[in-house]
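Read off the chains here:
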Amino acid sequence: MKLRFQKDDIVNGISIVMKAVPSKTTMSILECILIDASSGEIKLTGNDMELGIETTVNGEILEHGKIALDAKLLSEIVRKLSSAGDSVVTIESDEKFTTTISCEKSVFHIQGRDGEEFAYLPYIERDNYICLSQFTLKEVIRQTIFSIAPNDSNKMMTGELFQVSGSQLKVVSLDGHRISIRNVTLKDHYENTKVIVPGKTLSEISKILGGDNEKEVLIYFSANHILFEFDQTMVVSRLIEGEYFRIDQMLNSDYDTKLTVNKKEMLSCIDRTTMLIKDSDKKPIIIGITDHSMEVKLNSAYGSMKEELAIDKRGKDIMIGFNPKFLIDALRVIDDEMINIYMINPKAPCFIRNDEGTYIYLILPVNFNVY
C-alpha cells in the first residue's frame, strides 16, 4: 500500500477517528486505526466495539491496500511532521506490514498489523431514519448533554432519549436532580422511534460536527445501533437497552408562581454566588420571590452575598433553595433574552420553559435553613 496526503487532510481524519479509539482494552488491535485503501477511497476507522467512527480522507492512492497502525503513535508522528502549509505525507507499507511515514526530510519506520484483523463497523440498514441540520443536532446536544449522569450506576441516566413522533424529535436527559428536554420540528414525517443514545457518543459527535446550518445529518436507527452520517464521516454506536423513564408524569403544567426575568442578569447573579462555594461545600442559594423582585442569597463558610433582580411576577410569593450549578447549567444554554420560570412550592420541581415548548428544564429544589 502506498498513499499520499496533504498533511492537514490526514491530521484531520486521524483526529476524527481517534475519538473511537479506546484508552484501555484487552484487544490490542482496537488500539489501532485502520487505513483502508483497498477500493477507490481512503477510509480511516477507529472502533472500541461500543462506538465506531469511519471517515473518508482526501488523498492519492498510489498502491491499494489496508493496514492497521497504532493510533496514538500514528497521531503523534503525523501531527509533529513539518507544519509547512503544503506539506505532503506519504504512508507506505510492505507485505510484512512494515510501514514508512515520510514528510519532506522526516522518515519514520513503524510496525503495522494486518488490516483484516481489525473489527469493522456493524452494518446498519438505511430504512428507519431522520434528517436534520448539523447546526440543530449540535445545539440539541449542547442544550441537554450537561444533565446526563456522570457514572453508570444507572445506565439509563448516562444516555439521552431520542424519540421521534411524526415530524417531532424529542431529546431528553436526566440525572436524578434535573431533566433537560429539547423539542425539534423536523422537515418531514418519519417512523415513530424511541432509542437511548450513550452520552459519550453524543459528546464525541458534537466535537466532530461543524455546525453548519446548510449541511445535514442523517440519523439511522436499528434494533441495537444508531448511525450518524454527515460530511464524509459515519459514527456508529451501540444503543443503551431498556425502557426510558416515564417523564411525562413529572412535567406538571400547574404552577402557583410564575416569574419572567432577564436571563443574562440572573445567570450573572447566580454565577457570582459560586465564588463563595467550594467543591466540598454544598450550600444552596436561596431565592426569595416577592412582587417585582427576586432576592438571591448565599451564606457559606467563606462569606455571604445578597443581590436583588427585577422580575415580572404572577402568583404567590415563594422562598426556595437550589444547587446553583444546576441553574447555571440550564441558563447558559438558553438563548432567549427573557425566560419564564414556574414554581409550585419549595419542595416541588421548578420549570424553565418557553411558550413554544422547544425547551424545558426541570430542576429539583434543595432543603435550606433560613438566615
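So, here's what we can say about the structure.

Focus on the overall build of the chain
Thought 1: Across its full length, the chain carries 6 helices and 25 strands.
Thought 2: Each principal axis of the C-alpha distribution contributes one length, and for the chain these read about 80 × 50 × 40 Å.
Thought 3: Within the chain, buried positions represent 53% of all 371 residues.
Thought 4: Once local pairs closer than 6 in sequence are excluded, the contacts in the chain between residues at least 24 apart make up 68%.
Thought 5: Accessible surface computed for the chain: about 18,200 Å², of which carbon and sulfur atoms make up 46%.

Some details on the side chain of Glu139
Thought 1: Within the fold, Glu139 resides in helix H3 (residues 134–142).
Thought 2: Judged by its relative accessible area of 17%, Glu139 is buried.
Thought 3: At 2.8 Å, the side chain of Glu139 and the side chain of Arg142 are in polar contact.

Some remarks on the side chain of Ser300
Thought 1: Its place among the elements puts Ser300 in strand S19 (residues 293–300).
Thought 2: Given a relative accessible area of 10%, Ser300 falls into the buried group.
Thought 3: Beyond its immediate stretch of four places on either side in the chain, Ser300 contacts Leu276, Asp281 and Lys283.

Description of the packing of helix H1 (residues 7–17) against helix H2 (residues 71–79)
Thought 1: Packing of H1 against H2 leaves a shortest axis separation of 10 Å and a crossing angle of 150 degrees. Viewed along their axes, H1 and H2 adopt a mutual orientation that is roughly antiparallel. Between H1 and H2 the crossing geometry is left-handed. Contacts between H1 and H2 involve Lys7, Ile10, Val11 and Ile14 on the former and, on the latter, Leu74, Ser75, Val78 and Arg79.
Thought 2: In the contact of H1 with H2, the residues fall into 5 nonpolar, 1 polar and 2 charged.

Some points on a negative patch on the surface
Thought 1: On the surface, Glu63, Glu92, Asp94 and Glu95 cluster together to form a negatively charged patch.
Thought 2: Positionally, Asp94 belongs in the loop between strand S7 (88–93) and strand S8 (98–103).
Thought 3: For Asp94, a relative accessible area of 36% gives the class partly exposed.

The rules behind the values
Residues numbered from 1 in each chain as written. Predicted model: local features only at pLDDT ≥ 70, side-chain atom pairs only at ≥ 80, totals over all residues. Heavy atoms only, no water. Helix = DSSP H or I, 4+ residues; strand = E, 2+ residues; numbered from the N terminus. Buried < 20%, exposed > 50% of the residue type's maximum accessible area, 1.4 Å probe, protein only. Contact = heavy atoms within 4.5 Å. Areas by Shrake-Rupley, 256 points an atom, 1.4 Å probe, with all protein chains shown as cover. Polar contact = N/O pair within 3.5 Å; in protein donor to acceptor, adjacent residues only side chain to side chain. Axes fitted to C-alpha atoms, helices over the stretch in contact; angles between N-to-C directions. Parallel < 35°, antiparallel > 145°, perpendicular 65-115°, else oblique. Left-handed = near helix turned anticlockwise from the far one by under 90°. Nonpolar A, V, L, I, M, F, W, Y, C, P; charged D, E, K, R; others polar. Patch = residues over 30% accessible without salt bridge, like charges linked within 9 Å, V, L, I, M, F, W, Y side chains within 5 Å. Salt bridge = Lys/Arg side-chain N within 4 Å of Asp/Glu carboxyl O. Lys, Arg positive; Asp, Glu negative; His and termini not counted. Charge placed at Lys NZ, Arg CZ, Asp CG, Glu CD.

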